[in-house]
Amino acid sequence: GGYIERSQRMAAEMDGLILEMAIMMASEDQGVDAAQQLRALSMTARGDAQLRGQLGQNPLLLAGILHLLQEGPDAARYWCCQCLVSLSHKHTDNQSAMATFPGMMDAILEVLVEGSSLSRGAACSALVECTFRNADNALLVAKKKGMMHGVVSVMQTSTGDVRDDAAGVLRNCSNYSQAAAEVIVQTPGVLDALIEMCKGENSERFTAMGTIQNLTRCESVAPLLCKTRVVA
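All values reported here derive from a predicted model rather than from experimental measurement.

## With respect to the overall build of the protein
Now for step 1: The helix and strand tally for the protein stands at 15 helices and zero strands.
Now for step 2: Its C-alpha atoms give the protein a radius of gyration of 19 Å, within 12% of the compact-globule value 17 Å for 232 residues.
Now for step 3: Dimensions of the protein, computed from C-alpha atoms along their principal axes, come out at roughly 70 × 40 × 30 Å.
Now for step 4: A burial count over the protein gives 50% of its 232 residues as buried.
Now for step 5: The contacts of the protein with a sequence gap of at least 6 include a subset with a gap of at least 24, amounting to 69%.
Now for step 6: Within the structure as shown, the protein displays about 11200 Å² of accessible surface, and the carbon and sulfur contribution to it stands at 52%.
Now for step 7: Taking the 19 positively charged and 25 negatively charged side chains of the protein as two groups, their mean positions are separated by 9 Å.

## Remarks on the pattern of salt bridges
Now for step 1: Within this structure, the stated rule accounts for five salt bridges.
Now for step 2: With its nearest N and O atoms 2.7 Å apart, the salt bridge here joins lysine 144 to aspartate 106. Here aspartate 106 lies in helix H7 (residues 104–114) and lysine 144 lies in the loop between helix H9 (135–143) and helix H10 (147–157), a separation of 38 residues in the sequence.
Now for step 3: Taking the relative accessible area as the measure of exposure, aspartate 106 reaches 41% and is therefore partly exposed.
Now for step 4: For the salt bridge of arginine 163 with glutamate 204, the shortest nitrogen-to-oxygen distance reads 2.7 Å. Within this pair, whereas arginine 163 is found in helix H11 (residues 160–176), its partner glutamate 204 is found in helix H14 (residues 202–216), the two being separated by 41 residues in sequence. The two residues arginine 163 and glutamate 204 agree in class, both being buried.
Now for step 5: Connected through shared salt-bridge partners, Arg77, Glu110 and Glu114 make up one network.

## Focus: a nonpolar patch on the surface
Now for step 1: On the surface, Leu19, Ile23 and Leu60 cluster together into a nonpolar patch covering about 290 Å² of accessible area.
Now for step 2: Its location among the elements puts isoleucine 23 in helix H1 (residues 2–26).
Now for step 3: Judged by its relative accessible area of 54%, isoleucine 23 falls in the exposed class.

## A closer look at helix H6 (residues 92–100)
Now for step 1: Residues of H6 that are buried include every one of Asn94, Gln95, Ala97, Met98 and Ala99, and no others.
Now for step 2: Buried residues along H6 sit against helix H3 (49–56), helix H4 (59–71), helix H5 (74–88), H7, helix H8 (117–131) and H9.

## Some points on H4
Now for step 1: The terminal C-alpha atoms of H4, which comprises 13 residues, lie 18 Å apart, in line with the 18 Å expected from a rise of 1.5 Å per residue.
Now for step 2: Among the residues of H4, Leu61, Leu62, Gly64, Ile65, Leu66, Leu68 and Leu69 are the ones counted as buried.

## A closer look at the state of the cysteines
Now for step 1: In this structure the tally under the stated criterion is zero disulfides.
Now for step 2: In this model cysteine 81 remains outside any disulfide bridge; the closest cysteine sulfur is found in cysteine 80, 7.2 Å from its own.

## Some remarks on the packing of H11 against H14
Now for step 1: Interhelical geometry of H11 versus H14 gives an angle of 20° and a closest axis separation of 9 Å. Between H11 and H14, the angle falls in the class roughly parallel. For the element pair H11 and H14, the recorded crossing hand is left-handed. When H11 is examined against H14, the residues Gly160, Arg163, Asp164, Ala167, Gly168, Leu170, Arg171, Ser174 and Asn175 are found in contact with a partner set consisting of Ser203, Glu204, Thr207, Gly210, Thr211, Asn214 and Leu215.
Now for step 2: For the contact of H11 with H14, the per-class residue count stands at three nonpolar, nine polar and four charged.

## Looking at unusual backbone geometry
Now for step 1: The phi torsion at lysine 90 lies on the positive side, around 50°, for a residue other than glycine.
Now for step 2: Note on placement: lysine 90 falls in the loop between H5 and H6.
Now for step 3: Within the chain, arginine 133 stands out as a residue other than glycine whose phi angle is a positive 50°.
Now for step 4: Looking at the secondary structure, you find arginine 133 in the loop between H8 and H9.
Now for step 5: Judged by its relative accessible area of 62%, arginine 133 is exposed.

The rules we used
Residues numbered from 1 in each chain as written. Predicted model: local features only at pLDDT ≥ 70, side-chain atom pairs only at ≥ 80, totals over all residues. Heavy atoms only, no water. Helix = DSSP H or I, 4+ residues; strand = E, 2+ residues; numbered from the N terminus. Rg over C-alpha atoms; globule rule 2.2 N^0.38 Å. Buried < 20%, exposed > 50% of the residue type's maximum accessible area, 1.4 Å probe, protein only. Contact = heavy atoms within 4.5 Å. Areas by Shrake-Rupley, 256 points an atom, 1.4 Å probe, with all protein chains shown as cover. Lys, Arg positive; Asp, Glu negative; His and termini not counted. Charge placed at Lys NZ, Arg CZ, Asp CG, Glu CD. Salt bridge = Lys/Arg side-chain N within 4 Å of Asp/Glu carboxyl O. Patch = residues over 30% accessible without salt bridge, like charges linked within 9 Å, V, L, I, M, F, W, Y side chains within 5 Å. Expected span 1.5 Å × (residues − 1). Disulfide = S-S within 2.5 Å. Axes fitted to C-alpha atoms, helices over the stretch in contact; angles between N-to-C directions. Parallel < 35°, antiparallel > 145°, perpendicular 65-115°, else oblique. Left-handed = near helix turned anticlockwise from the far one by under 90°. Nonpolar A, V, L, I, M, F, W, Y, C, P; charged D, E, K, R; others polar.

Structural measurements only, silent on function.
This is the structure we're talking about:
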């Protein structure tokens, strides 16, 4: 009896905490704090798939994240993207819940286009985690109107980890979905951006070369790569 009561009490406490964070996310002056709290909680729950599922599939929290991505200051957008990173990390149900939550992909794209360098990098990280070992999300992200243009733009205008994270989105999408690879290779500037990255630091070069390798697996893609002299 004691164990069940304790479990019920803990569940009620978590429900209360989730509601509190969701209310904070809706307020103008507490949004950043709420996003930081959720990020800290999701990091603490890294090894607890059930708790992360409770957080990552909660419609109140997803609505709160969406609101801050759309309306919040850049700091709130950054922390919300970091929440999506830690909640979707190797968690298929959370990946799906986030990717299909109405408006979420549009909001991430907005951060890619309008955010600061840090926020754009965090948005790319969220897309990397969202598409890891997830063919449905890989294709959904690749086919989202404007998303690949946004990712390529980050690659063209960033350096270091941010550029690496942007290329990581292309690598995952092309790795887990052939249909996504075909969308990617048709994106203006993508091959030039990848070739440029091959001249960069070790990590960047590794990500770019891995992406190019993924793209060559598609029959329709290889001739395009030959045409641009990426492969012989």
